[in-house]
Structure formats: structure tokens, C-alpha cells
Amino acid sequence: MQNRRSFIKNVSLFSLGGILMGKSDLANASIMSKFLTSAGKKFGLQIYSLGKELYENLPEGLQRISRMGYSTLELAGYRDGKINNIEMGEFRKMTDDAGLKIISSHMNPPVREYNSSNKGAIVDFWKKAADDHAKIGVRYIVQPGQPVTRSTEEVSIVCEVFNEAGRIAKANGLIFGYHNHDMEFSRVVPGGKEMVFGRRAFGRDMPKGTEVIYDGFLRQTDPDLVIFELDVYWTVIGQNDPLEYMKKYPERIRLLHIKDKEVLGQSGMMNFEQIFVQAYKNGIEDYFVELEGISSGTQFEGVKGCADYLLKAPFVK
Ligand code: MG
């Protein structure tokens, strides 16, 4: 991974307009980060990316995130009014101290299979979650886990619940969103017993009424109540083009997960330039870097590698 010092050499003084003068300043990573972020680049991090490493020393970890150039956060680990067992007010204070702003938070209701007998429990979950998050000034509450959807009927039930979550969020001054992985790009059929993924889903045997689950979510949720956080990497793994979805649903896709196989830009399988061009065109204000597993180094090193990629990328504003 490119370290900060070699990165500084690579971008060269020309592109910095000679604002940084002394060699000692150039060697100072913190000044470099602050310069580049103050130059207008604003990007966020999904804290799941750091896993347990973040909690080894949370205040210091948040400061490190800030020094890397991140300015916003999306939380993960909400449960019963706490984020990874830390009171949310306390968490918020630590992020304030680090100069980071919490924009969004991920959480899943306690059940995966939605039906009339557990709808009450799901509603209760969202009421408490919305109330807890409104208190710390979060804008979005986002569900990242796919509920059970084996048929078009189950997709419709899930959409009703999403709309209800959206109503609860709205009543608390928040916006409810849904985040995808790959299996939402499977297809389902009326009365179906399973999701069908990939080439098999386009076979001649697929009956009338077949629909891509994600398309069903977009079609059957209320645009006033539900937005979508498109995870661009998982969309590709789902054998679809994130650009196509962003072009087709500019009003619905309002958040992004900027993610690659590991550190941004290294796999060569993601066209981030086009994704960013389209995101600006769509007026997307917030996006979050996400790093899942990493094959070498620490999660912190990987997250820094992602920040360096964005700081250096000429297409990131
Ligand atoms: Mg994601």
C-alpha cells in the first residue's frame, strides 16, 4: 500500500500550487490530510470497515479516521440504544471531538422473515431505533440485511414493512434507507419457493411475473418514505451495473457504499470514475467507504489506503 509520504511525492508540488512550502511540512501527514480535505473533498466511512480494531481505543481510533481525511461516518452495531455497547450520546461526543459527523447508521430488525405475526415486533424495533437515532442527530437509518424473499408475494410484504419503517423514520425527522448486497439481484416468481440467481434466472423456464428482487423493492416502496443506499461493489457481484441503476433511479438512490473487493482501486474491477461522475450528476451528497475483509495488513491500513485513493483521484470532488 502506498504510504502518505510517497503519495505526497507522487502528487507533486505542481498540483498543490506551491501552497505547502517547507519540506518538514510536506512530511507531515496530518497537515497534508487537512489541506486536501479543506480543499473540498468530503467523504465518509462505514465504521464496520474497522471491525474490532476501532474499539481497541475508540477516541483515538476516531481521531485516526479524521486524520486520514474522512469527515463523515455511518454507524454500525446499533442495539438497544447503544452502538457496540457504548451509549449513543457518548459515541456522538467522541465523534464530535474527532471532528467527524455522523450522517447515517445501519441496523437490522430482530427477524429476517416478515409476516403478520411478527410485524408488531419489527414496528417496535424501528420506533425505538428512530427515536434513539433522532437524539444524536443522524439523518439516515439504513437496513443492510436482506429479509427473506423467496417469491414476489414475499417481496411485496417486505416492501410494506419498508414503507412502515419509512413512515416511522419520517415521523422522527429521519429518512429510512435500504442497503443491498448481491442476492437482491436474484429473481423471484409468483408463488416461488426460492430466489434464482445469475444465468439460471434468465432461462426459458422462468414464468410470467418474474422480477428482480431489487427492482421489486424500488417499484413497491414509496419514494416519499424509502431511499436506497447502493453498494456499488455488491451490485457488480450481483452481476449488474451500478451505473445503470444510478441512471435509472436518480431520485431513489441517494446514498452509496463506495466499495471494492478490498482497498479501493486495487482490484481493477470497479469503474469508480464513472460512478463518481454519475453520483455528482444525480446530486448524491453522501457516500461511505466500506472495506470488508482484507488479505494483508490491518483494517486501519486498508481504510487509510481507501482514503488515499479518494484524495488522489482527480474525479473525486
Ligand atoms: Mg456495503
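First, a word on scope: everything that follows refers to the structure included in this document. (Residues numbered from 1 in each chain as written. Predicted model: local features only at pLDDT ≥ 70, side-chain atom pairs only at ≥ 80, totals over all residues. Heavy atoms only, no water.)

Overview of the overall build of the protein
If you tally the helices and strands in the protein, you get 13 helices and 13 strands. Evaluated residue by residue, the protein yields a buried proportion of 52% over its 317 residues. Sequence-distant contacts, at least 24 apart, represent 75% of the contacts inside the protein between residues at least 6 apart. About 14900 Å² of surface is accessible on the protein, with carbon and sulfur atoms providing 50% of the total. (Helix = DSSP H or I, 4+ residues; strand = E, 2+ residues; numbered from the N terminus. Buried < 20%, exposed > 50% of the residue type's maximum accessible area, 1.4 Å probe, protein only. Contact = heavy atoms within 4.5 Å. Areas by Shrake-Rupley, 256 points an atom, 1.4 Å probe, with all protein chains shown as cover.)

Looking at the sheet that holds strand 5 (residues 86–87)
The sheet built from 3 strands is open, its strands ordered 3-4-5 with antiparallel pairing. Edge strands, defined here as strands with exactly one partner in the open sheet, are strand 3 (78–79) and strand 5. By the bridge criterion, 2 bridges tie strand 4 (residues 82–83) to strand 5 in an arrangement that is antiparallel. Note on strand 5: the bridge partner recorded for I83 is I86. (Pairing = 2+ DSSP bridges.)

Points about the sheet that holds strand 1 (residues 44–46)
Here 8 strands make up a closed barrel; going around it, the order is 1-2-6-7-8-11-12-13 and the pairing parallel. Within this sheet the neighbouring strands show an average axis-to-axis angle of 30°, counted without direction. Bridge analysis of strand 2 (residues 72–75) against strand 6 (residues 101–106) gives 4 bridges, and the strand direction is parallel. Residue pairing for strand 6: E74 is matched across the bridge by S104. Its contacts with the sheet place helix 12 (residues 272–281) against strand 12 (253–259) and strand 13 (286–290), and it is angled at close to 160° to strand 12. (Axes fitted to C-alpha atoms, helices over the stretch in contact; angles between N-to-C directions.)

Quick notes on the pairing of strand 12
Burial analysis of strand 12 places 6 of its 7 residues in the buried class, the great majority of the element. Sheet analysis places strand 11 (residues 226–231) next to strand 12, joined by 4 bridges and oriented parallel. Residue pairing in the sheet places E229 in a bridge with L255 of strand 12. By the bridge criterion, 5 bridges tie strand 12 to strand 13 in an arrangement that is parallel. Considered in strand 13, the bridge of H257 is made with F288. Taken together, strand 12, helix 12 and strand 13 form a β-α-β motif whose crossover is right-handed. (Right-handed = clockwise from strand over helix to strand, strands pointing away.)

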